[in-house]
Amino acid sequence: MDVESTRHVRSDVSLRPGVELIELSRNESAMAIPPHWLQVAVRAASAALAYPDPDCKLLRKAVGETLRLDPQRIVCGAGLMECLQSIALAYLHPGDKVVIPEHAFAFFRSVTQVAGARVTLAPEKDWHVDVDSILQAVDESTRMVIFANPANPTGSYLPRRSILELRLRLPSDTLLVIDEAYADFVGEGRYEPLFDLTHSCNTIILRTFSKAYGLAGFRVAWAYCPLTLIEELRRIQIPAIVNSIAQAIATVAVQDQVSVASFKGEMIATRRRFIDRLIGLDRVLPLESETNFVLLRTSSEAEAQSLDAFLRYHGIMLRQQMAVGLGNCLRVTIGTEKQMQIVASRIVEWCSKISKVA
Ligand SMILES: *Cc1c(COP(=O)(O)O)cnc(C)c1O
């Protein structure tokens, strides 16, 4: 079987005959899983009559050794979203307030509501999370602040000094949750680790194997926590929630930083060429990004809808952003070089069509 053509299957999308699906709506990896990672998963599958290790000992040890972190502070989960939901259920009470940036990942809102807490949106500035507006939104009922760094869907990255300032000025009993789903994609030399914040402060850092490692279907992620929070978190989480196949492939994946670095290098080069192809268009503005996606701005919600419909007609699936207050934008995941060439030329085609009509 051809890996390329079997990677994305969507039962909810019906394409015209002869049109190939280009699935770029979910920030999945464009790279094939390395064969030696898959061999490890197959071996784990043959032993999966047994329950998994509920403590994910080997995975936590591998993450600890690779990233020079304390395995005791690592809690693994069935995806970052599961970690976040367990954190929300463990630390939020009905009536608590949670502050999130106005264009933040929509799941932050739903998880807050699932826990019975209220959301307050903090305005962003120049497509970036804004520390001052978060602090203005915080009051004595604010139990948690959640944001992603780099952010989804803007792709922007907040430097460490801004986050240190935020942590310093937040009340010490307000839990700061930083979703680093895209941290592995931050450009050369610009990523600044924040793990040390968990040592002295009320801060949790979240990581996932779904994006840079290309293992979204395995559902595995981890939280780096203050030791004082771990017991409560483990009490809320369903026991043995990370299956043994996911544990095994994530362990070999994190130990193989050479493959991860090569995925990243290829993605960044493809992203650069894709953005450069769009620069100068008058109807579509690509935002610079530190992630494996790019936010495309158009001048109105109607134009974004028109572009989305045009691309869908040609089999290209992007993600609309109405849910996070960016109706005039579409988010495109960086796929293979070939896919991105096709997408860029379809966008150029749409622009010239629209300009003629106008
Ligand atoms: C994709 C994404 C996730 C999803 O993580 P899983 O580990 O697949 O649950 C979490 N946070 C952000 C900001 C994302 O974009």
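Residues numbered from 1 in each chain as written. Predicted model: local features only at pLDDT ≥ 70, side-chain atom pairs only at ≥ 80, totals over all residues. Heavy atoms only, no water.

Caption draft 1: Layout of the sheet that holds strand S3 (residues 97–101). The sheet built from seven strands is open, its strands ordered S2-S8-S7-S6-S5-S3-S4 with mixed pairing. This sheet does not close on itself; its edge strands, each paired only once, are strand S2 (74–77) and strand S4 (118–122). Going from strand to strand, the sheet's axes swing by 20° on average, the running direction of each strand aside. By the bridge criterion, five bridges tie S3 to S4 in an arrangement that is parallel. By the bridge assignment, Val98 is partnered in S4 with Val119. Each of S2, strand S7 (203–208) and strand S8 (221–224) is contacted by helix H3 (residues 57–67), which is oriented at about 125° to S2, the strand it contacts most. (Pairing = 2+ DSSP bridges. Helix = DSSP H or I, 4+ residues; strand = E, 2+ residues; numbered from the N terminus. Axes fitted to C-alpha atoms, helices over the stretch in contact; angles between N-to-C directions. Contact = heavy atoms within 4.5 Å.)

Caption draft 2: Summary view of the pattern of salt bridges. Applying the stated criterion across every chain yields a total of 22 salt bridges. Residue Asp53 is joined to Lys57 by a salt bridge in which the shortest nitrogen-to-oxygen separation is 3.4 Å. In this structure, Glu337 and Arg277 form a salt bridge, with 2.8 Å as the shortest nitrogen-oxygen distance. Here Glu337 is found in helix H13 (residues 337–357), whereas its partner Arg277 is found in helix H11 (residues 257–278), with 60 residues between them in sequence. The exposure class of Glu337 is partly exposed, given its relative accessible area of 22%. (Salt bridge = Lys/Arg side-chain N within 4 Å of Asp/Glu carboxyl O. Buried < 20%, exposed > 50% of the residue type's maximum accessible area, 1.4 Å probe, protein only.)

Caption draft 3: A look at the domain arrangement of the chain. For the chain, the assigned domains are domain 1 (22–32 + 258–357) and domain 2 (35–255). Placing the centre of domain 1 and that of domain 2 at their C-alpha centroids yields a distance of 26 Å. Taken residue by residue, the interface counts 26 residues in domain 1 and 26 residues in domain 2. Buried area between domain 1 and domain 2, both sides added, is near 2,100 Å², and the carbon and sulfur share of it is 63%. In this structure, the salt-bridge partner of Glu290 is Arg190, at a minimum N-O distance of 2.7 Å. Counting across the interface, domain 1 meets domain 2 through eight residue pairs in polar contact (both at pLDDT 80 or more). Mapped onto the side of domain 1 that touches domain 2, the elements with two or more residues apiece are H11, strand S10 (293–297) and strand S13 (329–333). Per-element accounting of the side of domain 1 that touches domain 2 gives the leading share, seven residues, to H11. (Domains from an automatic or database assignment. Buried area = accessible area lost by both parts, 1.4 Å probe. Polar contact = N/O pair within 3.5 Å; in protein donor to acceptor, adjacent residues only side chain to side chain.)

Caption draft 4: The environment of Glu192, seen in detail. Within the fold, Glu192 resides in the loop between strand S6 (175–179) and helix H8 (197–200). Overall, Glu192 belongs to the partly exposed group, its relative accessible area being 29%. Along the backbone, Glu192 and Val294 are 102 residues apart, and their C-alpha atoms lie at a distance of 21 Å. In terms of polar contacts, Glu192 uses its side chain to reach the backbone amide nitrogen of Arg160, at 2.7 Å.

Caption draft 5: View of the pairing of S10. Along S10, four of the five residues are buried, which leaves the element largely enclosed by surrounding structure. Where strand S9 (residues 285–286) meets S10, two bridges bridge the pair, whose relative direction is antiparallel. The partner of Pro286 across the bridge, within S10, is Leu296. Joining the antiparallel neighbours S9 and S10 is a turn of six residues.

Caption draft 6: Expanded view of the packing of helix H12 (residues 301–313) against H13. With their axes 10 Å apart at the nearest point, H12 and H13 run at an angle of 125° to one another. The angle between H12 and H13 falls in the class oblique. Here the hand of the crossing between H12 and H13 comes out right-handed. Side by side, H12 and H13 meet where Glu303, Ser306, Leu307, Phe310 and Leu311 of the first sit next to Arg346, Ile347, Glu349, Trp350, Lys353 and Ile354 of the second. A per-class count over the contact of H12 with H13 returns six nonpolar, one polar and four charged. (Parallel < 35°, antiparallel > 145°, perpendicular 65-115°, else oblique. Left-handed = near helix turned anticlockwise from the far one by under 90°. Nonpolar A, V, L, I, M, F, W, Y, C, P; charged D, E, K, R; others polar.)

Caption draft 7: Representation of the sheet that holds S10. Read across the open sheet, the four strands follow the order S9-S10-S13-S12; overall the sheet is antiparallel. Here the strands that pair on one side only, and so sit at the sheet edges, are S9 and strand S12 (319–320). The pairing of S12 with S13 spans two bridges and is classified as antiparallel. Paired with Arg319 across the two strands is Arg331, which belongs to S13. Relative to S10, H11 is tilted by about 10°, and along the sheet it contacts S9, S10 and S13.

Caption draft 8: Representation of the packing of aromatic side chains within the structure. By the definition in use, this model includes eight aromatic pairs. Ring geometry for Phe105 versus Phe108: centroids 5.5 Å apart, planes at 80°, classification edge-to-face. Assessed through its relative accessible area of 24%, Phe105 is described here as partly exposed. Taken together, the ring pairs connect Phe105, Phe107 and Phe108 into an aromatic cluster. One cation-aromatic arrangement involves Arg16 over Tyr313; the distance from NZ or CZ to the ring centre is 3.5 Å. Taking the ring centre of Phe293 as reference, the NZ or CZ of Arg331 above it sits at 5.6 Å. (Phe/Tyr/Trp six-rings, centres within 6.5 Å; stacked < 30°, edge-to-face > 60°. Lys NZ or Arg CZ within 6 Å of the ring centre and 35° of its normal.)

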